[in-house]
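A structural walkthrough
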Amino acid sequence: MSKHCTHTDTIHHVTPSARGCEECLKSGSTWVHLRLCRSCGHVGCCDDSPNRHARAHYKETGHPIIEGYDPPEGWGWCYTDRVMVELPDTTPQVGPIPRYY
């Protein structure tokens, strides 16, 4: 495991794909927290959520960096290097976003 993120070049300004976890909204599921892909803008649910859609998106696409997104929390995480990432900015929330907890 790296001590720093080697994928910061994949951080982009993105537009969130949905007002909640994209897949949970389609299936009627609930989530705990949201994560925003900083490569493409996909909004997925966190690893504490039943469906872990943010991690599934990473596994499917290889997009490594997410942002805490409910509300924008100002931190990033690199799934590949398993380290916190300093983000150059936070993505404005497209709201309102439903709460389930």
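Residues numbered from 1 in each chain as written. Predicted model: local features only at pLDDT ≥ 70, side-chain atom pairs only at ≥ 80, totals over all residues. Heavy atoms only, no water.

1. Concerning the sheet that holds strand E2 (residues 43-45)
Read from one edge of the open sheet, 5 strands run E2-E1-E3-E4-E5, paired in antiparallel fashion. The open sheet terminates on both sides in strands that have one partner only, identified here as E2 and strand E5 (83-85). Adjacent strand axes in the sheet meet at a mean angle of 35° when their direction is disregarded. In this structure, strand E1 (residues 34-37) lies alongside strand E3 (residues 65-69), joined through 3 bridges in antiparallel fashion. (Pairing = 2+ DSSP bridges. Helix = DSSP H or I, 4+ residues; strand = E, 2+ residues; numbered from the N terminus. Axes fitted to C-alpha atoms, helices over the stretch in contact; angles between N-to-C directions.)

2. Points about the environment of Val 32
By the element assignment, Val 32 lies in the loop between helix H1 (22-27) and E1. Note on Val 32: relative accessible area 25%, which makes it partly exposed. Taking the C-alpha atoms as reference points, Val 32 and His 7, 25 residues apart in sequence, are found 26 Å from one another. (Buried < 20%, exposed > 50% of the residue type's maximum accessible area, 1.4 Å probe, protein only.)

3. Some points on the nonpolar core
General note: in soluble globular proteins, nonpolar side chains tend to be found buried as a group. With 10 residues, the main nonpolar core is built from Val 14, Cys 21, Cys 24, Trp 31, Leu 34, Leu 36, Val 43, Cys 45, Tyr 69 and Ile 97. Contributions of two or more residues to this core are made by E1 and E2. Apart from residues no more than four positions distant in its own chain, Cys 21 is found in contact with Trp 31, Leu 34, Val 43, Gly 44, Cys 45 and His 53. (Core = buried A, V, L, I, M, F, W, Y, C linked by side-chain atoms within 4.5 Å. Contact = heavy atoms within 4.5 Å.)

4. Focus on the packing of aromatic side chains
One pass over the full model with this rule turns up 1 aromatic pair. Ring geometry for Tyr 58 versus Tyr 79: centroids 4.9 Å apart, planes at 20°, classification stacked. You can see Tyr 58 sitting in helix H2 (residues 53-61) and its partner Tyr 79 sitting in the loop between strand E4 (72-78) and E5, a full 21 residues away along the chain. (Phe/Tyr/Trp six-rings, centres within 6.5 Å; stacked < 30°, edge-to-face > 60°.)

5. Quick word on the side chain of Arg 38
Within the secondary structure, Arg 38 sits in the loop between E1 and E2. Owing to a relative accessible area of 1%, Arg 38 belongs among the buried residues under this scheme.

6. Re the confidence of the model for the chain
Scored by pLDDT, the chain has a mean of 92; 96% of the residues are at 70 or more. Taking the mean pLDDT of every element in the chain, the minimum, 90, falls on E4 and the maximum, 98, on H2. (pLDDT = per-residue confidence, 0-100.)

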